[in-house]
Amino acid sequence: MPFLLAVPTWVMAGVWGLVAGGALLGGALAGYFAHVPRRMIAAIMAFGSGVLISALSFELMEDAFERGGFDATALGFVAGAALYTAANWLLSYYGARHRKRSGAEQPSESDDEGSGLAIAIGALLDGIPESIVIGLSLLEGGAVSLVTVVAVFLSNVPEGLSSAAGMKNAGRSARYIFGVWGGIALISGAASLLGYSVFQDFSPDVIAATTAVAAGAILAMLVDTMIPEAFAVAHNFAGLITVLGFLVAFVLSKFGG
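Residues numbered from 1 in each chain as written. Predicted model: local features only at pLDDT ≥ 70, side-chain atom pairs only at ≥ 80, totals over all residues. Heavy atoms only, no water.

If you check an unreviewed UniProt entry, the protein appears there as Zinc transporter, ZIP family from Catalinimonas alkaloidigena.

**Student:** What exactly am I supposed to notice about the overall build of the protein here?
**Tutor:** The secondary structure content of the protein amounts to eight helices and zero strands. Written out in order from the N terminus, the α and β elements of the protein read α-α-α-α-α-α-α-α. Expressed as a percentage of the 257 residues in the protein, the buried residues total 49%. Across the protein, every contact between residues at least 6 apart in sequence was considered, and the portion connecting residues at least 24 apart equals 85%. Counting only carbon and sulfur atoms, one obtains 72% of the accessible surface of the protein, whose full area is about 11600 Å². (Helix = DSSP H or I, 4+ residues; strand = E, 2+ residues; numbered from the N terminus. Buried < 20%, exposed > 50% of the residue type's maximum accessible area, 1.4 Å probe, protein only. Contact = heavy atoms within 4.5 Å. Areas by Shrake-Rupley, 256 points an atom, 1.4 Å probe, with all protein chains shown as cover.)

**Student:** Just checking my understanding: could you explain the side chain of E59 for this structure?
**Tutor:** Summarising the element assignment, E59 is placed in helix α3 (residues 38-96). Summary of buried charges: E59 has no salt-bridge partner, and the nearest side chain of opposite charge, K254, is 7.3 Å away. Not counting the four nearest positions on each side in its chain, E59 is found in contact with S54, S145, V147, T148 and S253. (Lys, Arg positive; Asp, Glu negative; His and termini not counted. Salt bridge = Lys/Arg side-chain N within 4 Å of Asp/Glu carboxyl O.)

**Student:** Is there a simple way to think about the pattern of salt bridges in this case?
**Tutor:** Two side chains of opposite charge can pair, provided their charged atoms sit close to one another. For the structure shown, the criterion picks out one salt bridge. In this structure, the salt-bridge partner of R67 is D63, at a minimum N-O distance of 3.0 Å. Here R67 pairs with D63, and both are found in helix α3, just four residues apart, close to one helical turn.

**Student:** Just to check I follow, could you spell out the UniProt feature "transmembrane region" (unreviewed entry) in the protein for this structure?
**Tutor:** On the UniProt side, "transmembrane region" (unreviewed entry) is annotated at positions that read residues 12-34, 41-60, 72-91, 174-199, 206-227 and 233-252 here. Within residues 41-60, the helical portion is 100% and the strand portion 0%, while the C-alpha atoms at the span's ends are 26 Å from each other. Taken as a whole, residues 206-227 contains 100% helix and 0% strand, while its terminal C-alpha atoms sit 30 Å from one another. (UniProt positions renumbered as here; feature names shortened; annotations may be inferred.)

**Student:** Please clarify how helix α7 (residues 204-234) should be interpreted in this entry.
**Tutor:** Note on helix geometry: an α-helix contains 3.6 residues per turn, so any two residues three or four positions apart are oriented the same way. Largest kink in α7: about 45°, centred on L222. Once α7 ends, the next one or two residues include H235, with phi positive near 55°. (Bend = angle between axes of the 7 residues up to and from the residue.)

**Student:** Teacher, can you tell me more about the environment of Y84 here?
**Tutor:** Structurally, the position occupied by Y84 is in helix α3. Given the relative accessible area of 2%, Y84 is considered buried. Residues Y84 and G216, 132 residues apart in the sequence, show an inter-C-alpha distance of 8.2 Å.

**Student:** Where do I start with the nonpolar core in this structure?
**Tutor:** The tendency in soluble globular proteins is for nonpolar side chains to be buried side by side. Ranked by size, the top nonpolar core spans 26 residues in total, and within it L52, L56, L60, I134, I218, M221 and L222 carry the most contacts. Residue assignment for this core shows that the elements contributing at least two residues are α2 (9-33), α3, α4 (115-137), α5 (146-169) and α7. If near-sequence neighbours (up to four positions away) are discounted, L222 is found in contact with S49, L52, I53, L56, I227 and P228. Counting residues in each nonpolar core, the second largest holds twelve residues, with A28, Y32, M167 and V180 among its members. (Core = buried A, V, L, I, M, F, W, Y, C linked by side-chain atoms within 4.5 Å.)

**Student:** Would you explain the side chain of T242 in this entry?
**Tutor:** Positionally, T242 belongs in helix α8 (residues 238-255). Only 2.7 Å separates the side chain of T242 from the backbone oxygen of A238, close enough to count as a polar contact. Dropping the residues within four chain positions of it, T242 is found in contact with A46, S49 and G50. (Polar contact = N/O pair within 3.5 Å; in protein donor to acceptor, adjacent residues only side chain to side chain.)

**Student:** Help me understand the packing of α2 against helix α6 (residues 174-199) in this model?
**Tutor:** In helix packing, the relevant descriptors are the interaxial angle and the interaxial distance, both defined with respect to the helix axes. Between α2 and α6, the least distance of the axes is 7 Å, while the angle of their chain directions is 160°. The orientation of α2 with respect to α6, classified from their angle, is roughly antiparallel. At the point where α2 passes α6, the crossing takes the right-handed sense. A class-by-class count of the residues in the contact of α2 with α6 yields 18 nonpolar, ten polar and no charged. (Axes fitted to C-alpha atoms, helices over the stretch in contact; angles between N-to-C directions. Parallel < 35°, antiparallel > 145°, perpendicular 65-115°, else oblique. Left-handed = near helix turned anticlockwise from the far one by under 90°. Nonpolar A, V, L, I, M, F, W, Y, C, P; charged D, E, K, R; others polar.)

**Student:** Would you explain the packing of aromatic side chains in this entry?
**Tutor:** Aromatic ring pairs are defined here through the distance separating the ring centres and the angle between the ring planes. What the rule picks out here adds up to six aromatic pairs. Geometrically, the ring pair formed by Y32 and F178 is edge-to-face, given 5.2 Å between the ring centres and 70° between the ring planes. A residue pair is termed long-range when its members are at least 10 positions apart, and Y32 in helix α2 and F178 in helix α6 qualify at 146 residues. The two residues Y32 and F178 agree in class, both being buried. Centre to centre, the rings of F33 and F178 are 5.8 Å apart; their planes meet at 10°, and the pair counts as stacked. Taken together, the residues F33 in helix α2 and F178 in helix α6 connect sequence positions 145 residues apart. Ring pairing ties together the aromatic residues Y32, F33 and F178, which thus form one cluster. Taking the ring centre of Y32 as reference, the NZ or CZ of K168 above it sits at 4.6 Å. Residue placement shows R172 over the ring face of Y176; its charged tip is 5.5 Å from the ring centre. (Phe/Tyr/Trp six-rings, centres within 6.5 Å; stacked < 30°, edge-to-face > 60°. Lys NZ or Arg CZ within 6 Å of the ring centre and 35° of its normal.)

Here you go:
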């Protein structure tokens, strides 16, 4: 315990981001080696979606509103969704539309040249907002929001699992797959560190808007990528499983500190 107290807060920001981002690599390992049934992947994806929806509702948006009021929160939320949608649309044009699909939807490099790079950039785009808010959560009191970390971790496992399974089906090499997810795990730690270090001297309005931008981007990502994969396979059960994920994160937000 004395050792943990002596660790600088900016280091802890990077560590927590790395922990949450590491779930992507763990999920990728399972997706590549374990041959998890698609229905199970879709169920985990739906659960993770519910967890993130709850976290951005009761943690991120609430925190943004308390810091900066309605105007900064609303503008940031819409801006985050718009920025993500524009970037996702562009990456979809270059072959990254189905980057979270676990079946045969992802194109191979021979089918769509340049799709490998687009998929990698798309995966990075999906993970950065989540990591930044982990760092931002340390700005108030120096203690990380464990609910946010748990929510990101639980949603990252199915994301890595589903995408890695789809990459393998598309014929991409293990070096490429684990290079992508390992690299994004490291970048997640760096993004969390930057989220703390860069914004600690900014005004509450700027921090609120940034938190809301991340929340908007996360919600847009869920609707554009994770939920379609969950529904495509789990069908009528996707909604129920998503609700269960939402409830778990809601309980954590109210009783997890």
